Amino acid sequence: MTHLSSINEQIESDPNDEFCSTQEDSYRNLRLQSFVDRYGIEEEQISSIDRAKRYVRKKYSSLTIECCLNAFLNKIPLIRCLYEYNIRKNLFGDIMAGITIAIMHIPQGMAYGTLTTLPPVHGLYISFFPVILYMIFGTSPHLSIGTFAVISLMTAQAIDSVSLQPMNLIMSNESISNATDSLIIDTKVNIATTLALLVGLIQILLSFLRLGFLTVYLTEPFISGFTTGAAFHVFTSQIPSVFGLKSPRGVHGPFKLLRIYIKIFRSLFSNINWISTTVAFISIIVLYIAKYFNDRYKSKIRIILPSELLLIIVGTTISHFTQFHSTYGVSVVGEIKRGLPPPSLPSFNNANQLIVPAITIAAVSLSISISMAKTLSRKHSYKVSSNQELLAYGMANGISSFFQCYPSAGSLSRSVVQEGSGGKTVLVNGFSSLLLGSVLIALTPLFRSLPMACLAAIIIILWTMTFVSVVLFDVDIGLYVGICTSFIINTVRTQKPRFFILGQVDNTGIYKSTTYFPSVQQYSNIKILRFDESLYACNAPFFKRKFYDLIGIQLTQQPIISSGKNKNNNNNQKKLMYTYVILECSPFNYIDTVGVKLLIHIFNDLKKRGITLYLSECRYEVRHTLDSMKFYEKTEFHIIYVTTHDAVMSAVKALNDGSI
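Parameters at a glance
- Residues numbered from 1 in each chain as written.
- Predicted model: local features only at pLDDT ≥ 70, side-chain atom pairs only at ≥ 80, totals over all residues.
- Heavy atoms only, no water.
- Helix = DSSP H or I, 4+ residues; strand = E, 2+ residues; numbered from the N terminus.
- Buried < 20%, exposed > 50% of the residue type's maximum accessible area, 1.4 Å probe, protein only.
- Contact = heavy atoms within 4.5 Å.
- Areas by Shrake-Rupley, 256 points an atom, 1.4 Å probe, with all protein chains shown as cover.
- Salt bridge = Lys/Arg side-chain N within 4 Å of Asp/Glu carboxyl O.
- Expected span 1.5 Å × (residues − 1).
- Bend = angle between axes of the 7 residues up to and from the residue.
- Polar contact = N/O pair within 3.5 Å; in protein donor to acceptor, adjacent residues only side chain to side chain.
- Core = buried A, V, L, I, M, F, W, Y, C linked by side-chain atoms within 4.5 Å.
- Pairing = 2+ DSSP bridges.
- Right-handed = clockwise from strand over helix to strand, strands pointing away.
- Patch = residues over 30% accessible without salt bridge, like charges linked within 9 Å, V, L, I, M, F, W, Y side chains within 5 Å.
- Lys, Arg positive; Asp, Glu negative; His and termini not counted.
- Charge placed at Lys NZ, Arg CZ, Asp CG, Glu CD.
- Phe/Tyr/Trp six-rings, centres within 6.5 Å; stacked < 30°, edge-to-face > 60°.
- pLDDT = per-residue confidence, 0-100.

Undergrad: I'd like a rundown of the overall build of the protein, residues and numbers included.
TA: Of regular secondary structure, the protein possesses 27 helices and 8 strands. Going through the 660 residues of the protein one by one, you find that 49% of them count as buried. In the protein, once contacts between residues fewer than 6 apart in sequence are set aside, the share between residues at least 24 apart is 83%. Element-wise, carbon and sulfur atoms account for 61% of the exposed surface of the protein, whose accessible area totals about 34,000 Å².

Undergrad: Give a detailed account of the pattern of salt bridges, specifying residues and quantitative values.
TA: Under the defined criterion, the tally for this structure stands at 5 salt bridges. Between E84 and R80 there is a salt bridge, with its nearest N and O atoms 3.2 Å apart. The residue R609 makes a salt bridge to D605 at a minimum N-O spacing of 3.1 Å. Taken together, the shared-partner salt bridges in this structure form one network comprising R498, R530 and D532.

Undergrad: Mind laying out unusual backbone geometry, listing which residues take part and the relevant values?
TA: In this model, D506 sits at a positive phi of 50°, which is unusual for a non-glycine residue. Turning to its location among the elements, D506 is positioned in the loop between β3 (499-504) and β4 (511-513).

Undergrad: Could you give an account of helix α6 (residues 87-115), with specific residues and numbers?
TA: The end-to-end C-alpha distance of α6 is 39 Å, a good match for the 42 Å that 29 residues give at a rise of 1.5 Å each. If you look at α6, its biggest bend is around 30°, right at H105, and the proline P107 turns up within four residues after that. If you check the start of α6, you find a side-chain oxygen 3.3 Å away from the backbone N of R88, and it comes from N86. Two residues or fewer after α6 comes T117, characterised by a positive phi angle close to 70°.

Undergrad: Can you break down the nonpolar core residue by residue, with the values?
TA: Formed by 87 residues in total, the largest nonpolar core has its most connected members in M110, Y393 and L455. It is helix α16 (residues 351-380) that provides the largest number of residues to this core, a total of 11 residues. In contact with Y393, not counting residues within four places along its chain, are Y134, L143, I145, Q203, L366, S369, I370 and A373. By size, the runner-up hydrophobic cluster in this structure holds 49 residues, among which are I591, V596, L615 and A647.

Undergrad: Help me get a handle on the pairing of strand β6 (residues 580-584), residues and values and all.
TA: A regular strand places its side chains on the two faces of the sheet in alternate fashion. Across the 5 residues of β6, 5 count as buried, placing the element largely inside the fold. Every second residue of β6 is oriented toward a common face, with Y580, I582 and E584 on one face and V581 and L583 on the other, all of them buried. Alignment of strand β5 (residues 526-531) against β6, held across 5 bridges, turns out to be parallel. Bridge pairing in β6 places R530 opposite E584. One ladder, built from 5 bridges, connects β6 with strand β7 (residues 612-616); its direction is parallel. Paired with L583 across the two strands is L615, which belongs to β7. Crossover connection from β6 via helix α24 (residues 593-608) to parallel β7: handedness right-handed.

Undergrad: So what's going on with the pairing of β5? Which residues, and what values?
TA: When you tally the buried positions in β5, you get 6 out of 6 residues, the bulk of the element. Neither face of β5 is exposed, since I526, I528 and R530 on one face and K527, L529 and F531 on the opposite face are all buried.

Undergrad: If you had to explain the sheet that holds strand β8 (residues 640-641) to someone new, which residues and values would you point to?
TA: Reading across from one edge, β4-β3-β5-β6-β7-β8 is the order of the 6 strands in this open sheet, with mixed pairing throughout. What marks the edges here is a single partner per strand, and that holds for β4 and β8. Inspection of the sheet shows β3 paired to β4 by 3 bridges, in the antiparallel sense. Each bridged residue has a counterpart across the sheet, and for Q504 the counterpart in β4 is Y511.

Undergrad: Please give an account of a positive patch on the surface that cites residues and values.
TA: A surface patch of positive charge is lined by K75, R210, K383, K496 and R545. With respect to the helices and strands, R545 occurs in helix α22 (residues 540-550).

Undergrad: Break down the environment of T625 for me, with residues and values.
TA: Looking at the secondary structure, you find T625 in helix α25 (residues 620-628). The class for T625 is buried, based on a relative accessible area of 17%. Measuring from C-alpha to C-alpha, the distance between T625 and G595 comes to 10.0 Å, with 30 residues separating the pair along the chain.

Undergrad: So, the packing of aromatic side chains: which residues are in play, and what are the values?
TA: The tally for this structure, following the rule as stated, stands at 18 aromatic pairs. For the ring pair F128 and F129, a centre distance of 4.9 Å and an interplane angle of 85° mean the geometry is edge-to-face. By the burial criterion, F128 is buried, and F129 matches it.

Undergrad: Can you lay out the confidence of the model for the protein for me, pointing to particular residues and giving the numbers?
TA: Summing up the model confidence of the protein, the mean pLDDT is 79 and the portion of residues at 70 or higher is 76%. Considering only residues more than four positions removed or in separate chains, one finds that residues 25-30, a stretch of pLDDT under 50, has 6 contacts. Counted against residues more than four places away or in other chains, residues 169-179, with its pLDDT under 50, gives 2 contacts.

Undergrad: Go over helix α27 (residues 644-657), please, and point to the residues and values.
TA: In this model α27 runs 20 Å from its N-terminal to its C-terminal C-alpha over 14 residues, within 8% of the 20 Å that 1.5 Å per residue would give. If you check which residues of α27 are buried, you get T644, A647, V648, S650, A651, V652 and A654.

Undergrad: Hey, could you go over the environment of S127 for me, with residue numbers and the actual values?
TA: In this structure, S127 sits in the loop between α7 (121-126) and α8 (129-137). C-alpha of S127 to C-alpha of H105: the two residues are 22 residues apart in sequence and 6.1 Å apart in space. Ignoring anything within four residues of it in the chain, the contact list for S127 reads H105, G109, T147 and L436.

Undergrad: Run through a nonpolar patch on the surface, naming residues and quoting values.
TA: Together, I87, L91, F92, I95, M96, I99 and L435 make up a nonpolar patch on the protein surface, roughly 590 Å² of accessible area in all. Mapped onto the fold, L435 is located in helix α19 (residues 427-442). Of the residues examined, L435 reaches a relative accessible area of 33% and is grouped as partly exposed.

What follows is the structure, encoded as structure tokens:
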């Protein structure tokens, strides 16, 4: 203190400003050092090996047979669903939703099956086998797994990249006359099943490596831009079927769409089939009218008109009795195999050529599916695990590949209907598969006269509402550019920042981390937290998990097999709950819409638990975003304080006299 006093005297008496500035800086540094010496703690220096040993001991010290068994059971969410199933509350809604989704699966499966250049029945296989497997391993009761247009189109590109040159050689060599359509189809099916197996293995590997967190970099704007851009490729692929033309082949790379349209226009006027064109346009008009009435009266009538299925039934009937194919040359579906395919091991002859397409499809399918699952989970307040979803998608694709299936993914249109039709649990997928399996076993031959123009009309209707993102480039190029850009912008550094518990330094208004300043004071019913990074989409899952962990609330589900010790832990958790939680937001340079929605969700969740959330030291940019997102209307107006000390004093006063 004598040295500090002498410095002060020198500062006051010395007229030299430069000297004063130097002495002031020295004084500040000395004050900071004395503050750290008095209240701080020196971090222990340990080697990397000792740090790893400490982590292993902490992680596995409480490992028991019960924990291992519960961990295994948690990998099969269907067991928990059956264990907790409420028949009176959920059964009717699940059955009705299952029937509704099965009705959608039939036309969409056949339509999207044609996108892959495979027979339409393979689209029905996708609507059956992966759905059952997702019911066993999946966590979202509203996500509808099966055919998806973008994945079907990417599968077609992968098939063409492998089989295009050999097939061209066979078809162009006139001396080889035994090259039949069945040989070409078998080759394509082998390629598609190998692709599905590789996609499944990649997704399972990501799950076991616990790399589900990587999906946070595939943000909603990126997914929306990619899928809407890819929709133009889907739309373009159906133009030849509408006009009864042969689809252009061998067109890849940048400006693919422009080159395809040039080829289509060159053959349009000489090869157009007017009957096929008429069927397609009538189908489009009928579907638009049906969609209009479904949207207008969906609030009054819970049952949605299955316009696509009705179109298939009517189109097949008319085509059969008027002999569209033999009389007018209209392309039809043709013979469809009855029953379920026997299991067979996919061929690995072309595996090396399919690695890159498999990685691309795996990334697209999991990002689209997980983004939809998480959107629905936020709406209905249940938890979706990214790693478990990865396992579910991997099992669905990997095992289904043994039954002539190509890669599958979640569908937005079916998921919205599954949610709106009353589905409550993953058993919706089981009821849907029962109905679809009956169709595969008994009714598939009836669809052989279905005009391809009807299927093209269904796809065009489903993908009319689109937005230009990767129109000028091929689908896979657009994906790579999007992923690289998204990954660069959302750096790894901000995903898991430090999250501290703060305490008061003596009786001052200064609050420091209890980790580095263990002598700070903490209030018994007040928890003060600080998140050392801006809050946005990429670190929002980590923020939520760590936030609840620091205030003593466990978001994990109750174990299926529990003991008395677990019950005691639950009771201890209730005792640790605080009355007030204060989040210091001074490190927040900005907050995005996902972060605001998360704070709103946390505030309302804590309110239900009898806990009040305060925010403190919010910057102007953060307050502006909160205001634009109507944060105060969805929470309470007086929960943001200028300083952390103000928030603490307000909470103390409320605890003392029961009013704020």
